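# Topology and contacts: notes
In case you want the letters, here they are:
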Amino acid sequence: MSTTMMIDPGLPTGQFTDVIASHGDYVDLVKFGWGTALVTRDLDRKTAVLREAGIGYYFGGTLFERYLWGGRLDDFLALVEGSGATHIEVSNGTIPLDQPTKAEYVRRLSAYRPVLSEVGYKDAERSAHLSPADWVGAIREDLDAGAELVITETRESGRSGMARPDGHVRDDVLRAVLAGTDPARLLFEAPTKDLQVELIKEIGPEVNLGNIAAADLVGVETLRRGLRGDTLLQLAPAGFPAAQPTVHKGAINA
Amino acid sequence: MSTTMMIDPGLPTGQFTDVIASHGDYVDLVKFGWGTALVTRDLDRKTAVLREAGIGYYFGGTLFERYLWGGRLDDFLALVEGSGATHIEVSNGTIPLDQPTKAEYVRRLSAYRPVLSEVGYKDAERSAHLSPADWVGAIREDLDAGAELVITETRESGRSGMARPDGHVRDDVLRAVLAGTDPARLLFEAPTKDLQVELIKEIGPEVNLGNIAAADLVGVETLRRGLRGDTLLQLAPAGFPAAQPTVHKGAINA
Amino acid sequence: MSTTMMIDPGLPTGQFTDVIASHGDYVDLVKFGWGTALVTRDLDRKTAVLREAGIGYYFGGTLFERYLWGGRLDDFLALVEGSGATHIEVSNGTIPLDQPTKAEYVRRLSAYRPVLSEVGYKDAERSAHLSPADWVGAIREDLDAGAELVITETRESGRSGMARPDGHVRDDVLRAVLAGTDPARLLFEAPTKDLQVELIKEIGPEVNLGNIAAADLVGVETLRRGLRGDTLLQLAPAGFPAAQPTVHKGAINA
């Protein structure tokens, strides 16, 4: 029941198709990162691949912000419509858009598509000034406004938003957020293995993870299943050493 | 009018073809990094793809240095000829070749192909000893010798040459260089997003950028157009909040 | 005579095929990293590509550990058999399995396939507690137990096992190991360029290297041949400046 969101930072079309053909089972949503959709020659071919595979897709929140910043939100909605995007991301990671106004856009745009709203800023310093209570308040406000999921911002470097400059999760924020919100309503951006491991250990293998690179889809799936060293002892069923394993001669090559 | 140079560090042929087919519009030059061309099975197929797309290509300066170091410069020129390379890079990043002698090679080799000369060393410590005046002097000398463009060295780590060990641009060098040289004659190696953002903000979206990975071509193009958070507020036309945007009910799904 | 082991962290099938078609000459062994094989849709197609190319393959030691931990080693051997894997890796990087017992598994499993055994832990702190004498003793014990090669653990970050947290080789360990063991019996995991360069400079271009990413296969081959700045002066034959090279007018475009 977990959601994995892959970010497409501008993959060439052949590689994109290859990734979905091989690993589409481990992807629930694809985000065309920031404004990449506008400089992607074959966006139609990519979206056709996703519709065929039954995978949702939408544009990064920065594209929403860019259109809003330019006073052209209607053009943005036309783009959503024309591309068949299944969701809309509403964020204020870059432009000066206060939280209540952002929540108002969550409410309005929910009339068009299920909305994923984002909390947190791309700028590490601005994000560091958000207190745990700020995070909790913003998440609640966005959910109340109708957001289907709330995304906790963590840039591709894994060192801002809900992550600390050293690349680890901000525990105080995470604890406060989990105290008041069902994790099934949250999508945690986790672009690095460190963050993926920490969130899976803390919240469980069903945690919703986003900003997963195409190259990490299989890796994340192995972490969820205890098939990698980082989570093996926590998540894999143990029959050892209680039942000391033996090798029966002839098990193979018999 | 900006130039983007992609580095090929040894992509498999299918991926290379896929990248050019999808993102060739954002590439002006391809450099077959260092000596990779000599261990590339399908160099002919790669160069055919580039000629078809109208993209120039050449060998990394290390290959020039390797042949020079071995006393086999004629063999290097035969390789240039045989491969149809459109440019020649002349550098002294690794071998002991002083600046005036390097400039002499710029002059001589310009008889064969337009020359891209490189200033700066691959070794971080040696590069750190180059003063701003050294950089300016070397760039001027190479341009006077006939170089079409001068490349400022920054290794793929983004932490040597014109970058500091912390991965940011050496401001003193950049300021001195820009004071005396038209940036259109310079190609800045910028293998990391930090460097790409700093150079675009400092010099403008038309800055010539090199050592761009295939995976970053779309990202760099979005930075140039203000389609990413890092440059959105600087480069995107603003209609907000002066003209507060509205959502007209029925813009989509009407 | 050197061995290069590529790690597959879950490449999509098309890319995997492309890599082997282009760069198969530089790969001797492929490791399906940790438990990725269990979540790979097209494992059969990948192994067919490798058999066709004459390249050996096996499962990461974590998969052996996972099955052992679950008390299902027979199932592991059935998987080895069914997949046609050419080798078995035996390790104790994650689960609590002491060195003598690990060596006993090396001995037993050598009856089924040539065994690659691994020394070192994935956890940086545990690995740091291994003294040079511990490394030497474990390597000797595994070789005595019949291991074809002993792998020195270095995770994909390049910052644990035989690497220090700063990403460089643990010199004391390396010196001790080389004093008592033929390097031809060792396979050094070297996932970063820093480690690749250090090992090639220290042991020579024939050093066996493992955990090489698909994207680095060509890069490693150029390092081995002195075709990259990092090893050019050490490994490339010099004819300069003793025999100052000249450019003969007309060498190309004649």
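For the structure, check the block above.
Heads up: these notes are all about the structure in this document. As the structure is a prediction and not an experimental result, all values here were calculated from the model. (Residues numbered from 1 in each chain as written. Chains lettered and ligands numbered in written order. Predicted model: local features only at pLDDT ≥ 70, side-chain atom pairs only at ≥ 80, totals over all residues. Heavy atoms only, no water.)

Attention now moves to the interface of chain B and chain A. Across the boundary between the two partners, chain B contributes 37 residues, which contact 41 residues of chain A. Carbon and sulfur atoms supply 56% of the area that chain B and chain A bury against each other, a total of about 3,400 Å² over both sides. In this structure, the connection of chain B to chain A is made through one salt bridge. Residue R41 of chain A is joined to D25 of chain B by a salt bridge in which the shortest nitrogen-to-oxygen separation is 2.9 Å. Counting every contact that joins chain B to chain A gives twelve residue pairs in polar contact (both at pLDDT 80 or more). For the side of chain B that touches chain A, the secondary structure elements donating two or more residues are α1 (13–23), α10 (217–224) and α11 (229–235) of chain B. (Contact = heavy atoms within 4.5 Å. Buried area = accessible area lost by both parts, 1.4 Å probe. Salt bridge = Lys/Arg side-chain N within 4 Å of Asp/Glu carboxyl O. Polar contact = N/O pair within 3.5 Å; in protein donor to acceptor, adjacent residues only side chain to side chain. Helix = DSSP H or I, 4+ residues; strand = E, 2+ residues; numbered from the N terminus.)

This part covers helix α8 (residues 171–180) of chain C. Residue and element names in this part refer to chain C. Within the span of α8, buried status applies to V173, L174 and V177. For α8, the angular spread of the buried residues around the axis is 95°, confining them to a single face. Among the exposed residues of α8, those pointing more than 90 degrees away from its buried face are R175 and A179. The secondary structure elements touched by the buried residues of α8 are α7 (132–144), β7 (186–189) and α9 (193–203). (Buried < 20%, exposed > 50% of the residue type's maximum accessible area, 1.4 Å probe, protein only. Arc of directions from axis to C-beta.)

Another aspect to go through is the interface of chain C and chain A. The interface of chain C with chain A comprises 40 residues on the first partner and 37 residues on the second. Between chain C and chain A, the buried area comes to about 3,300 Å², and carbon and sulfur atoms account for 56% of it. The largest contributions to the chain C side of the interface with chain A come from V39, W69 and Y112 of chain C, which together make up 23% of the buried area. At the surface where chain C touches chain A, the tally comes to one salt bridge. Between chain C and chain A we count twelve residue pairs in polar contact (both at pLDDT 80 or more) in total. Here the side of chain C that touches chain A takes six residues from helix α4 (residues 73–83) of chain C, the largest share from any one element. A class-by-class count of the residues in the side of chain C that touches chain A yields 20 nonpolar, eleven polar and nine charged. (Nonpolar A, V, L, I, M, F, W, Y, C, P; charged D, E, K, R; others polar.)

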